[in-house]
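As a plain string of letters, each chain reads:
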Amino acid sequence: MTKQSIGASCLRKEDRRFLTGRGRYTGDHRPADVLTAVFVRSPHAHASFAITDRRDALAVPGVLAVLTAAEMAADGVTPLPVSWNIPNADGSASFIPPMHALADGMVRYIGQPCAMVIATSDAAARDGAENVAIDFGEKAAAATLDEATAPGAPPVWDQCPSNISLNWSVGDPEAVERAFAGAAHQVSLDLVNQRISAMPMEPRLAVACYDTGSDRLTCHASNQLPHELQRSIAEALSIPETRIDVVARDVGGGFGMKSYAYPEDVALAWAARRLRRDIAWTSERNEAFQADAAARDHVAHARLALDADLRFLALDIAITANMGAYLSQHALAVPTIYCTYSIPGPYRFASLGVRVRAVLTHSAPVDAYRGAGRSEAVYMTERIIDHAARQLGVDAAELRRRNLIEPRHMPFTTALGMTLRDADAPRLLQHALETADHGGFEGRREEALDRGSLRGVGMALHAAACGGCSSAANLAAGATVGNWESARLQVHPSGAATLYVGSHNHGQGHETAFSQLVAWHTGLPFEAIEVVFGDTRRVQRGMGTFASRSAVVCGPAIGLACDRVMTKARDIAAWLLEAAADDIEMRDGRFAIAGTDRSLAFGDVARAAYRSAGFGENDREPGLDETGFHDPEDFTWPFGAHVAEVEIDQATGATTLARYVAVDDVGVEINPLIVEGQIHGGIVQGAGQALMEAIRYDPASGQLLTGSFMDYAMPRADTVPDFVCERIACRATVNSLGAKGVGEVGTFAAPAAITNAVVDALARAGITTFDMPATPLRIWQALNAAKCHR
């Protein structure tokens, strides 16, 4: 094992190019004579429309084409495919509206693409777009859940007059009602998980290149799932995957928002093929606010039943989730499969029931964002537990402690049928409370009150599904794709190696962590290992990066490929050393005969593999090049306990995140430095939702009210304190690596922990319920409303 293998906090390989300005982003790829696309977007949330004149647009110097849904239909382009098709609770089909790349006569959200203008320059394309004549017939819109579910609401689709795309449920409602009937205590709480947007530094963009000689497309895109983007575009264009490649170079932030195909991706690929030219498009930030897939946006009514000893008897939750006007690729899975099975968290609920309504609205589609579904699940469970503690006059930590799953209970099957294993939740909670100096909090609260501030403490525990279940279980739940991952290790004649992985690296540090894995499995030098990803021309088919799955699912695939290479390399070394393969061992990076000083360097074995090493004997073949595919056995379940403290200025309503402690169990850590960074980033994004972020639409017109960073606040360095992040690891037993996933744990817990702290602070002013975000205005309004009612 080398000093840069598993468990070493070595510096990231990829940072050299990032820190020296040598990153390889999609925007850096600009072929000669590339054309520019600009999309003409709807200014209305709901309207019929007709493009009445293109002549003025085509008269703009440099404009080559104005393309619409009519041309697209003539070329046989089909709607974008979805990755989930989940049936209703009664077995009937959910309503999945067709999402075409360009709207055809009807727009259903602000910013929906109606036409695309292709020109020789960005300026010409924009001038052309402004000169496309469109007549809109504005209609009544219902852009919010309240509006879309109100009696007489305007239907988003005539084929779905109720606006309900899906009615879904899980659990045992009869057992839940029996538990409530016999409960000593009952509490209920209405919760709002507001709409937010990822807003990565690098916006969405793509360059579609057409090769006339091979009739082949190459789409360069900022995307997390290049092979899935390839499949989606090929399906929409009715061409085989062999006619299209996707190249996803460095990505300047994805967070789930770049894990699916968008209308612009399909439109750009189609236009390049139609015009037989290379075409580029880059989203403006105002387009991102209008048309990027949003996240969260659901309301819930939660009920909790407890016995006289404050044990959890039942949890009942009714969720109403905003899907937007169309179903993005993972949309139906987020409030159902991704969310509900993580609702029990690390607690022993005797019974549990969840009902989900997926509602269509006149707004941009909603889809996955860091912590998709699981963040919402933790938020609901942790908020109602805190609410119950306050209502019943018990300590919030003690209420949790009484109901935690203990190691002796594991493996533990939750009331929703999930199996939790390999964790010690009571120890995580205790360590988090001690690290946060929870016993000294009341002194800090009184000191803050002396300064005119309200101080509150909140906590949140998580045990949320990561990595994914088996492909068979995935398909049974309604997915249209598998959940496996792939890796290929090619050792070159010099002894250097290239690892090709189906997952995608866009900030997670895969080039470093995966090199460490290969070094650990093979003994090859860390520096001699190259990692290749994001290019369907070079990389075997893979599923991509999402749901904290890369170490959990791709890691074992890497191990399998490495093991196969090492088996073959030992066989070749044995032939060269005239020994039995079982007598060959790895010693200090060399193949050695056990008990002797006879050995060969890896490079010697690799050269022989490509020159001559008894090929044909014992079915021995040339080369050291092996592939591994791994399909997960089951979800992994990272656990954690987070504690937050906030201070609220009573005069201004400004909320400061004063302290934050996170104690997590993410299983085996390949690189603790990268793990720490992932947790930090997740906490910051969770704090953004808890304290400031919100996408708002005008209820009457459906107009977007938060169309720029003037209206949509994002967390900055001074938003957060110095984090205390510690880990207490229990090795996962459902994969060979022992990892559980880390990329999302910060976003699982932070919104709930911080909001619980805000409510704890406000309780001193008589306010016991409050929903995100805790902006100064909303806090100030709540404090003043409370004063008026005293």
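Each remark here, short or long, concerns the structure printed above.
All of the points below concern the structure found in this document. (Residues numbered from 1 in each chain as written. Predicted model: local features only at pLDDT ≥ 70, side-chain atom pairs only at ≥ 80, totals over all residues. Heavy atoms only, no water.)

1. With respect to the sheet that holds strand E23 (residues 590–593)
Remark on secondary structure: sheet strands pair via backbone hydrogen bonds, oriented parallel or antiparallel. Strand order across the open sheet formed by 3 strands is E22-E23-E24, with antiparallel pairing between neighbours. Looking at strand neighbours, the two that pair on one side only are strand E22 (584–587) and strand E24 (599–601), the edges of this open sheet. Sheet twist, expressed as the mean angle between neighbouring strand axes with direction ignored, is 30°. (Pairing = 2+ DSSP bridges. Helix = DSSP H or I, 4+ residues; strand = E, 2+ residues; numbered from the N terminus. Axes fitted to C-alpha atoms, helices over the stretch in contact; angles between N-to-C directions.)

2. Observations regarding the pattern of salt bridges
One side chain can pair with another of opposite charge once the charged atoms of both are near each other. All told, the structure shown has 53 salt bridges when counted by the stated rule. Here Arg764 and Glu446 are joined by a salt bridge, their closest N and O atoms 3.4 Å apart. Of this pair, Arg764 sits in the loop between helix H20 (745–763) and helix H21 (776–788) while Glu446 sits in helix H14 (residues 441–450), placing them 318 residues apart in sequence. Measuring nitrogen to oxygen at the nearest pair gives 2.7 Å for the salt bridge that ties Arg620 to Asp571. (Salt bridge = Lys/Arg side-chain N within 4 Å of Asp/Glu carboxyl O.)

3. A short note on the side chain of Thr755
Tracing the chain through its elements places Thr755 in helix H20. Reaching out from Thr755, the side chain makes a polar contact with the backbone oxygen of Pro751 at a distance of 2.7 Å. The contacts of Thr755, once residues within four sequence positions are left out, are Tyr379, Arg383, Ala690, Phe770 and Met772. (Polar contact = N/O pair within 3.5 Å; in protein donor to acceptor, adjacent residues only side chain to side chain. Contact = heavy atoms within 4.5 Å.)

4. Some remarks on the pairing of strand E11 (residues 244–247)
Each regular strand displays side chains that alternate between the two surfaces of the sheet. Alternating residues of E11 divide into Ile244 and Val246 and Asp245 and Val247, and every residue in both groups is buried. Bridge analysis of strand E10 (residues 216–221) against E11 gives 4 bridges, and the strand direction is parallel. When the sheet's bridge partners are listed, His220 is paired in E11 with Val247. Where the polypeptide runs from E10 across helix H7 (residues 226–237) and back to E11, its parallel neighbour, the crossover connection is right-handed. (Buried < 20%, exposed > 50% of the residue type's maximum accessible area, 1.4 Å probe, protein only. Right-handed = clockwise from strand over helix to strand, strands pointing away.)

5. Side note on the packing of aromatic side chains
All told, the structure shown has 18 aromatic pairs when counted by the stated rule. Seen in terms of ring centroids, Phe49 and Phe136 are 5.9 Å apart; in terms of plane orientation they differ by 40°. Their pairing is tilted. Pair noted here: Phe49 is in strand E2 (residues 47–53) and Phe136 is in strand E6 (residues 133–138), with a separation of 87 residues, a long-range link. A relative accessible area of 27% places Phe136 in the partly exposed class. With 6.2 Å between their ring centres and 70° between their planes, Phe635 and Trp637 make a pair best called edge-to-face. The same class applies to Phe635 and to Trp637, which are both buried. Ring pairing ties together the aromatic residues Phe95, Tyr109, Trp157 and Tyr326, which thus form one cluster. The positively charged end of Lys13 is found above the aromatic ring belonging to Phe526, 4.6 Å away from the centroid. A cation over a ring is seen here: Arg17 above Phe18, with NZ or CZ 4.9 Å from the ring centre. (Phe/Tyr/Trp six-rings, centres within 6.5 Å; stacked < 30°, edge-to-face > 60°. Lys NZ or Arg CZ within 6 Å of the ring centre and 35° of its normal.)

6. Digging into the nonpolar core
If you look at the biggest cluster of nonpolar residues, it comprises 184 residues, and the most contacted ones within it are Met116, Tyr660 and Ile754. If you tally residues by element for this core, the top one is H20, at 12 residues. With residues up to four places along the chain from it excluded, the contact list for Tyr660 reads His642, Val643, Ala644, Ile683, Pro721, Asp722, Phe723, Val724, Ala749, Ala750, Ala753 and Ile754. (Core = buried A, V, L, I, M, F, W, Y, C linked by side-chain atoms within 4.5 Å.)

7. Section: the sheet that holds E10
Spatially, 7 strands are ordered E3-E5-E1-E12-E9-E10-E11 in an open sheet, and the strand pairing comes out mixed. Looking at the sheet topology across the chains shown, the edges are occupied by strand E3 (63–67) and E11. Going across the sheet, the axis of each strand differs from the next one's by a mean of 20°, ignoring polarity. Two strands pair when backbone bridges link them, and strand E1 (residues 35–41) and strand E5 (residues 113–119) are joined in this way by 6 bridges, in the antiparallel orientation. If you follow Val38 over to E5, its bridge partner there is Val117. H7 rests against E10 and E11 of the sheet, and its axis sits at about 145° to E11.

8. Regarding H7
With 12 residues, H7 extends 16 Å from end C-alpha to end C-alpha; this agrees with the ideal 16 Å at 1.5 Å per step. Regarding H7, the residues found buried are Pro226, His227, Glu228, Leu229, Gln230, Arg231, Ser232, Ile233, Ala234, Ala236 and Leu237. Check the buried side of H7 and you find it contacts E10, E11 and helix H8 (263–275). Where H7 ends, the next residue or the one after it, Ser238, has phi of about 55°, a positive value. (Expected span 1.5 Å × (residues − 1).)

9. Some remarks on unusual backbone geometry
The amide bond that connects Met410 to the next residue, Pro411, takes the cis arrangement and shows omega of 0°. Within the element layout of this structure, Pro411 appears in the loop between helix H12 (396–403) and strand E16 (412–413). Of the consecutive residues Met772 and Pro773, the connecting peptide bond is found in the cis state with omega at -5°. In this structure, Pro773 sits in the loop between H20 and H21. The backbone of Asp422 shows a phi angle near 60°, a positive value even though the residue is not glycine. Along the chain, Asp422 falls in the loop between strand E17 (419–420) and helix H13 (425–435). Phi is positive for Ser548, close to 55°, though the residue is something other than glycine. Of note, Ser548 is situated in the loop between strand E21 (529–532) and helix H17 (550–577).

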